[in-house]
Amino acid sequence: MLCLRLCFLSLLVSALPDLLDGARILAIFPFPGPSQYINVQPYLKGLAARGHQVTSVNAFPQKKPIENFRDIAVPEVFQSYEDIIADLDIPKNSWQENNFINDFFISVTKTVLQNAKVQQELLQPGKAQYDLIIVEALRTDALYGFAAHFNAPIIGISTFGTDWNIDELVGNTAPISYIPLVTAGLTDRMTYWERVHNFVETAIAWLNWKLVYMPLQVKLYEQYFPHVAHKKPLLELGKNFSLVLVNQHFSLSFPRPYVPNMIEVGGLHIAHKPAPLPKEVEEFIQGAGSTGVIYFSLGSNVKSKDLPEERKQMLLQAFASLPQRVLWKFEDDVLPNKPHNVFISKWFPQPDILAHPNVKLFITHGGLLSTIESIHHGKPVLGLPFFYDQFLNVERAKQSGFGLGLDHKTMTGTEFVQTIKRLIHEPRFGTTAKLMSARYRDQPMTPQETAIWWTEYVLRHKGAPHMRVAAQDLSFVAYHSLDVFGLFFGVGVLILASISYLMWKLLCSQRSSEKQKLKHQ
Ligand SMILES: *[C@@H]1O[C@H](CO)[C@@H](O)[C@H](O)[C@H]1NC(C)=O
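Our subject in this report is the structure included herewith. (Residues numbered from 1 in each chain as written. Predicted model: local features only at pLDDT ≥ 70, side-chain atom pairs only at ≥ 80, totals over all residues. Heavy atoms only, no water.)

## Thoughts on the site of the ligand
Reasoning step 1: The ligand sits among Lys 232, Glu 236, Leu 237, Asn 240, Ser 242 and Gly 463.
Reasoning step 2: A distance of 3.0 Å is found between an oxygen atom of the ligand and a side-chain nitrogen or oxygen belonging to Lys 232.
Reasoning step 3: In this structure, Asn 240 approaches the ligand through a side-chain N or O atom, which is 2.4 Å from an oxygen atom.
Reasoning step 4: Burial of the ligand by the protein amounts to 64% of the accessible area it has alone, namely 360 Å². (Near = heavy atom within 4 Å. Polar contact = N/O pair within 3.5 Å; in protein donor to acceptor, adjacent residues only side chain to side chain. Areas by Shrake-Rupley, 256 points an atom, 1.4 Å probe, with all protein chains shown as cover.)

Put into structure tokens, the structure is as follows:
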């Protein structure tokens, strides 16, 4: 009987190891644009639902309380955003572009560290304790200091996939011959001159990072974490990540290598089952019948209502001429001249709309989350990119064959309508979108389950140092085997020099003996 009870108890313990001892997790996602936090929220809430105590530093606090989940709001970061948007259109060369981005992220980092609640509840020594730090790995390096402050393992999340500076956190291998810089607008198949371009752009970004960006972050780190900064320099913290989760997947972009503690979780935010749509939206979509519906949204940063009046009128006329119904994410209550086949709303449950079989096409700005949602639900896209990786995402949609792109500034109404008609009537776009969807969905666990499983793996194995590759302890010279090349080069030079010396000696002695002979004759 006792054995039975003990056995049962041990069974229970082995089945539910994590629920019995929830961890204290500090999540730091201060980026002031909404998409990054939309991407990670379901994962953070998933951790809370599994019994972990999650404290989240972010700019978008929850409206309703959630069990095991607490916000530390940092709304001050919106000021940094206003400042950067104001200067976005000033032309810059690559170096200035990097400095411009640095200024923005330094400002965000500083704002977080200056926040009163962050200071009281996190930075004061001995005030709180955390078992794990989860940060957005996006140019806020001084915040990695919380790993040293709480002596806890640290996990990074990159919501746009990886890049060379994220690779460095875990020593990931990324040959620049086929892995382009995210902002270069290139794919994995590069021509010779594109590879030259990628090399130069990467070198500029790397130099700027080491010479300008890091010294600024080190200064912030030493200022706000003086009690740990002398023991654990920031450069070492940045090579000591337990895990990096990347919002990317080889079926969405291109195949590439990863070290064991860098894991693809592309589409982290996608819910397993679509939720029912609001009644009005469902009726509008149903009412379209087999002609179908087009969903049009420019994402959360670009507002349709702020488009130039002439562009808005062009879009309205184009939509009015279509037999399909159109859902338009439009951020104003009224839209003058709105045709009867257009339905506007300030917000739509985008993934649930894309899941609807009557929705035939997604007209999008080409943000990564929108692109992933479109692939997940097998819908073709018409991309109208505005900035950052949007050009790259639209380029990939064209390359893969499930989408087309247009320049939103210059396209004519006729071009717009014709492109929409091609995407809806040429079957290859829909077929390719469905093929991409089938490849993407064919995974052993959902991206969210994968992310939670690896997070708890790090907790179970106390930071999982056994996954850390030796690259993290090598210098730049040793990592690239420059010292070995140097040795062979040195030996080669030595041999050549010796041979030349011997030859010279030989020649000299020959000449002198010839001279001697001449003398004797
Ligand atoms: C690296 O991380 C481990 C936990 O994963 C920690 O024990 C160690 O102190 C860290 N080292 C540095 C230099 O931060």
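## As for the environment of Gly 463
Reasoning step 1: Relative to the helices and strands, Gly 463 is located in the loop between helix 19 (447-460) and helix 20 (476-479).
Reasoning step 2: For Gly 463, a relative accessible area of 9% gives the class buried.
Reasoning step 3: Sequence spacing of Gly 463 and Val 54 is 409 residues, and the spatial spacing of their C-alpha atoms is 18 Å.
Reasoning step 4: Each residue touching Gly 463, except ones within four places of it in the same chain, is listed here: Pro 153, Ser 242 and Val 458. (Helix = DSSP H or I, 4+ residues; strand = E, 2+ residues; numbered from the N terminus. Buried < 20%, exposed > 50% of the residue type's maximum accessible area, 1.4 Å probe, protein only. Contact = heavy atoms within 4.5 Å.)

## Overview of the pairing of strand 2 (residues 53-58)
Reasoning step 1: With 5 of 6 residues buried, strand 2 lies mostly within the body of the structure.
Reasoning step 2: The pairing of strand 1 (residues 24-29) with strand 2 spans 6 bridges and is parallel. Bridging across to strand 2, Arg 24 finds its partner in Gln 53.
Reasoning step 3: Crossover handedness for the path strand 1 to helix 3 (residues 34-49) to strand 2: right-handed.
Reasoning step 4: Note: strand 2 against strand 3 (residues 69-73), 5 bridges, orientation parallel. Of the residues in strand 3, the one forming a bridge with Val 57 is Ile 72. (Pairing = 2+ DSSP bridges. Right-handed = clockwise from strand over helix to strand, strands pointing away.)

## Describing the nonpolar core
Note on soluble globular proteins: their nonpolar side chains tend to be buried together.
Reasoning step 1: Core analysis: the biggest nonpolar cluster contains 86 residues, and Ile 133, Phe 146 and Leu 327 have the highest contact counts within it.
Reasoning step 2: A domain-level breakdown of this core finds at least three residues from each of domain 1 (21-270 + 446-473) and domain 2 (279-441).
Reasoning step 3: When residues no more than four places from it in sequence are discounted, the contact partners of Leu 327 are Val 281, Phe 284, Ile 285, Val 293, Ile 294, Tyr 295, Phe 296, Phe 343, Phe 348 and Ile 353.
Reasoning step 4: Listed in part, the 30 residues of the second largest apolar core include Leu 316, Ile 344, Phe 386 and Leu 423. (Core = buried A, V, L, I, M, F, W, Y, C linked by side-chain atoms within 4.5 Å. Domains from an automatic or database assignment.)

## What to know about a nonpolar patch on the surface
Reasoning step 1: Together, Ile 85, Leu 88, Phe 387, Tyr 388 and Phe 391 make up an exposed nonpolar region whose accessible area comes to about 440 Å².
Reasoning step 2: Relative to the assigned elements, Ile 85 resides in helix 4 (residues 77-86). (Patch = residues over 30% accessible without salt bridge, like charges linked within 9 Å, V, L, I, M, F, W, Y side chains within 5 Å. Salt bridge = Lys/Arg side-chain N within 4 Å of Asp/Glu carboxyl O.)

## Digging into the packing of aromatic side chains
Reasoning step 1: Throughout the structure, instances matching the rule amount to 29 aromatic pairs.
Reasoning step 2: For the ring pair Phe 104 and Phe 105, a centre distance of 4.8 Å and an interplane angle of 65 degrees mean the geometry is edge-to-face.
Reasoning step 3: Given a relative accessible area of 6%, Phe 104 falls into the buried group.
Reasoning step 4: A centroid spacing of 5.6 Å and a plane angle of 35 degrees characterise the contact between Tyr 221 and Phe 225, whose relative ring orientation is tilted.
Reasoning step 5: Exposure remark for Phe 225: the relative accessible area of 0% places this residue in the buried category.
Reasoning step 6: Each residue in the set Tyr 130, Phe 146, Phe 150, Tyr 221 and Phe 225 is aromatic and connected to the rest through ring pairs, giving one cluster.
Reasoning step 7: Positioned over the ring face of Phe 284 is Arg 325, at 4.9 Å from the centre of the ring.
Reasoning step 8: Directly above the aromatic system of Trp 453 lies the positively charged group of Arg 460, at a separation of 5.6 Å from the ring centroid. (Phe/Tyr/Trp six-rings, centres within 6.5 Å; stacked < 30°, edge-to-face > 60°. Lys NZ or Arg CZ within 6 Å of the ring centre and 35° of its normal.)

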